[in-house]
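The chain contents come next:
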Amino acid sequence: TYKWREEMHLRFGLNFEIVDTKGFIRLIEEYTHFHNSKSFSKQVIISYPALRSDRVIEALRNNPLFEISFLIMDEAHSMRYSGTSTSDAGEMLSSVASNIVFLSATPVQNKLEDLFNILSMLDPDSFMDYGYFERSLSPNRFIHILIQKIRNNETLDAIKAYIDINEADLDAGIDLQKVLHDIKS
């Protein structure tokens, strides 16, 4: 949190206040009273342990007027497990934020569901159904294998055979004959 405050000040000239659980709840309550004031503007940094407090989640639920214009969440991979207090807090904040950036240098995907959970916080309208999400990725696997075969200079007959064997498994409406024609061209 101190590192982020320093970075925001040095790089962008922005002054952020680091708040704990009580401070964030106080901010939510202040916003409820003063959100229409043009002079009310706060830039805060809160740690995940302070954010995932039941009291913070309850304050967010009880103050429907609370809005965030720009939300940055570092270490976003920590929200990958649905149903945890961290992911619940992330969902609550994401639902009231106009603009969101999630940052993580840690590989997210232990399971495909982990990636889905984080993406659904960023864009709940596009990522509301895990089954659909999983099915939408299946053509990509096929395409990546096809590209690998082309890059490995496999024969055109081997590529055609791969397409013929796997075409029935695809339901994404990919015209594989057109893809094959484009490859030959």
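It should be emphasised that the depicted structure is a prediction, and the values quoted were computed from it without experimental measurement. (Residues numbered from 1 in each chain as written. Predicted model: local features only at pLDDT ≥ 70, side-chain atom pairs only at ≥ 80, totals over all residues. Heavy atoms only, no water.)

1. Comments concerning the confidence of the model for the protein
Now for step 1: Confidence along the protein averages 84 in pLDDT terms, with 88% of residues attaining 70 or more.
Now for step 2: Across the protein, element-level confidence peaks in helix H1 (residues 2-12) with a mean pLDDT of 93 and bottoms out in helix H9 (residues 176-184) with 61. (pLDDT = per-residue confidence, 0-100. Helix = DSSP H or I, 4+ residues; strand = E, 2+ residues; numbered from the N terminus.)

2. Some remarks on a nonpolar patch on the surface
Now for step 1: There is a patch of nonpolar side chains on the surface, built from Phe70, Ile72 and Val101 and spanning about 250 Å² of accessible area.
Now for step 2: Along the chain, Val101 turns up in strand S4 (residues 97-102).
Now for step 3: A residue is classified by how much of its surface remains accessible, and Val101, at 31% relative accessible area, is partly exposed. (Patch = residues over 30% accessible without salt bridge, like charges linked within 9 Å, V, L, I, M, F, W, Y side chains within 5 Å. Areas by Shrake-Rupley, 256 points an atom, 1.4 Å probe, with all protein chains shown as cover. Salt bridge = Lys/Arg side-chain N within 4 Å of Asp/Glu carboxyl O. Buried < 20%, exposed > 50% of the residue type's maximum accessible area, 1.4 Å probe, protein only.)

3. Describing the layout of surface pockets
Now for step 1: There is about 940 Å³ of room inside the largest pocket.
Now for step 2: Along the walls of the largest pocket sit 30 residues, with Phe16, Val44, Phe70, Leu71 and Ile72 positioned nearest its centre.
Now for step 3: Breaking the lining of the largest pocket down by element, the ones donating at least two residues are H1, helix H2 (21-34), strand S2 (44-46), helix H3 (48-51) and strand S3 (68-73).
Now for step 4: Element by element, the count of residues in the lining of the largest pocket is highest for S3, at six residues.
Now for step 5: Per-class residue counts for the lining of the largest pocket are 20 nonpolar, six polar and four charged. (1 Å grid on protein atoms, 1.4 Å probe; cavity = no way out; pocket = protein on both sides within 12 Å on 5 of 7 lines; lining within 4 Å. Points joined across faces, edges and corners; volume = space filled by probe spheres on them. Nonpolar A, V, L, I, M, F, W, Y, C, P; charged D, E, K, R; others polar.)

4. Regarding the packing of H2 against helix H4 (residues 54-62)
Now for step 1: Closest axis-to-axis distance for the H2/H4 pair is 9 Å, and the angle between their directions is 5°. In this view, H2 runs roughly parallel relative to H4, as classed from their interaxial angle. Between H2, through Thr21, Lys22, Phe24, Ile25 and Ile28, and H4, the contact on the second element is made entirely by Arg55, Val56, Ala59 and Leu60.
Now for step 2: In the contact of H2 with H4, the residues fall into six nonpolar, one polar and two charged. (Axes fitted to C-alpha atoms, helices over the stretch in contact; angles between N-to-C directions. Parallel < 35°, antiparallel > 145°, perpendicular 65-115°, else oblique. Contact = heavy atoms within 4.5 Å.)

5. Notes on the pairing of S3
Now for step 1: Bridging between S3 and S4 involves five bridges; their strand directions are parallel. Bridge pairing links Leu71 to Ile100 in S4.
Now for step 2: Tracing the backbone out of S3, into helix H5 (residues 85-95) and back to the parallel element S4 gives a crossover that is right-handed. (Pairing = 2+ DSSP bridges. Right-handed = clockwise from strand over helix to strand, strands pointing away.)

6. Quick word on the packing of H4 against H5
Now for step 1: Interhelical geometry of H4 versus H5 gives an angle of 25° and a closest axis separation of 10 Å. Between H4 and H5, the angle falls in the class roughly parallel. Taken as a pair, H4 and H5 cross one another with a handedness that is left-handed. In contact with Ile57, Leu60 and Arg61 of H4, H5 contributes Ser85, Asp88, Ala89, Met92 and Leu93.
Now for step 2: Per-class residue counts for the contact of H4 with H5 are five nonpolar, one polar and two charged. (Left-handed = near helix turned anticlockwise from the far one by under 90°.)

7. Section: H4
Now for step 1: Inspection of H4 places Val56, Ile57, Ala59 and Leu60 among the buried residues, and these make up the whole buried set. In an axial view of H4, the angular spread of the buried residues amounts to 160°, which keeps them on one side of the axis. Those residues of H4 that are exposed and angled more than 90 degrees off the buried face are Asp54 and Arg61.
Now for step 2: Tucked inside the fold, the buried residues of H4 contact H2, H3 and H5.
Now for step 3: Between a side-chain oxygen at the N-terminus of H4 and the backbone nitrogen of Arg55 the separation is 3.1 Å; the capping residue is Ser53. (Arc of directions from axis to C-beta. Polar contact = N/O pair within 3.5 Å; in protein donor to acceptor, adjacent residues only side chain to side chain.)

8. With respect to the packing of aromatic side chains
To describe a pair of aromatic rings, you give the distance between the ring centres and the angle between the ring planes.
Now for step 1: Using the criterion set out here, one finds eight aromatic pairs in the structure.
Now for step 2: Ring pairing ties together the aromatic residues Phe24, Tyr31, Phe34, Phe40 and Phe66, which thus form one cluster.
Now for step 3: Directly above the aromatic system of Trp4 lies the positively charged group of Lys3, at a separation of 5.8 Å from the ring centroid. (Phe/Tyr/Trp six-rings, centres within 6.5 Å; stacked < 30°, edge-to-face > 60°. Lys NZ or Arg CZ within 6 Å of the ring centre and 35° of its normal.)

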